[in-house]
Amino acid sequence: MAPSIHDPDSRVPTWVPYVQNNIGYLLSHTTFPSSYGYNINSNYTIYGLNIGQRLDIQFYVFNVESGHTDCRFDFLEIIGVANASEPGNIIKYCNRQGYQPRIHQNLSFTVIRPRVMFSFKTGRNEARDGFFFKYAGETMFGKCVK
């Protein structure tokens, strides 16, 4: 079964997938490269993954609201993966020092659930450029469905 992608909140389109054959998928919020909106709470799920497979993510842009030590307002979570530095189930990125992804560097994760979810949440105070990244895996090449 080829992986599929789904945004369950079709009332507010938040995710824009771009398919790159034999390379992976590019993903951003709908208004990229313009600023994202306020009070977003949206999930984007990849189905049909194999537990134990590798998932590579490379951020090209990551710019969300900063100034909070607990990453509670604007952040991107990747749920269902783990790596050596983050052995748990959730990887969380925000503009807090030490919680920002490395730009233009490949981040490798191990899939620990049959689906991986990207969860993007924002507050009501400040909007920024947001994110734009590529993800690919051993069985990621297939039909992209939104």
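An account of the accompanying structure is given in this report. Keep in mind that this is a model prediction, so the values were computed, not measured.

1. Looking at the pairing of strand 6 (residues 75–79)
Consecutive side chains of a regular strand alternate in pointing toward one face of the sheet and then the other. Counting buried residues along strand 6, five of its five residues qualify, which places the element largely inside the surrounding structure. Neither face of strand 6 is exposed, since Phe-75, Glu-77 and Ile-79 on one face and Leu-76 and Ile-78 on the opposite face are all buried. As defined by bridge partners, strand 6 adjoins strand 10 (residues 116–121) across five bridges and the pair is classed as antiparallel. Note on strand 10: the bridge partner recorded for Glu-77 is Ser-119. Two strands pair when backbone bridges link them, and strand 6 and strand 8 (residues 90–93) are joined in this way by four bridges, in the antiparallel orientation.

2. Brief notes about the side chain of Asp-56
You can see Asp-56 is positioned in strand 5 (residues 54–63). Overall, Asp-56 belongs to the buried group, its relative accessible area being 13%. Side chain to side chain, Asp-56 and Arg-54 meet in a polar contact 2.8 Å long. Only 2.7 Å separates the side chain of Asp-56 from the side chain of Ser-108, close enough to count as a polar contact. Contacts of Asp-56, omitting those with residues within four sequence positions, involve Asn-106, Leu-107, Ser-108, Lys-134, Tyr-135 and Ala-136.

3. Overview of the nonpolar core
By size, the foremost hydrophobic cluster in this structure holds 26 residues, and its most contacted members are Ile-57, Phe-59, Ile-78, Tyr-93, Phe-118, Phe-133 and Tyr-135. When contributions to this core are tallied by element, the ones reaching two or more residues are strand 3 (24–29), strand 4 (41–47), strand 5, strand 6, strand 8, strand 9 (106–111), strand 10 and strand 11 (130–137). Residue contributions to this core peak at four residues, all from strand 5.

Rules and cut-offs
Along each chain, numbering runs from 1 in the same order as the chain's sequence is written. This being a predicted model, a pLDDT of at least 70 is required before a residue's local features are given, and a value of 80 or more before pairs of side-chain atoms are given or counted; all residues contribute to the totals for chains, interfaces and linings. In computing side-chain values, all of the structure's heavy atoms are included and hydrogens and water are not. Burial status follows relative accessibility: with a 1.4 Å probe on protein chains alone, a residue under 20% of its type maximum counts as buried, one over 50% as exposed, and anything between as partly exposed. Numbered from the N terminus, helices here are DSSP runs of H or I no shorter than four residues, and strands are runs of E no shorter than two. DSSP-based pairing: two strands are paired if at least 2 bridges between them are found. N or O atoms closer than or at 3.5 Å make up a polar contact, with two conditions inside protein: a donor-capable atom paired with an acceptor-capable one, and, for residues adjacent in sequence, both atoms drawn from side chains. When checking whether two residues touch, look at their non-hydrogen atoms; a contact exists if any pair is within 4.5 Å. Nonpolar cores are built from buried Ala, Val, Leu, Ile, Met, Phe, Trp, Tyr and Cys residues. Side-chain atoms within 4.5 Å join them into one set.

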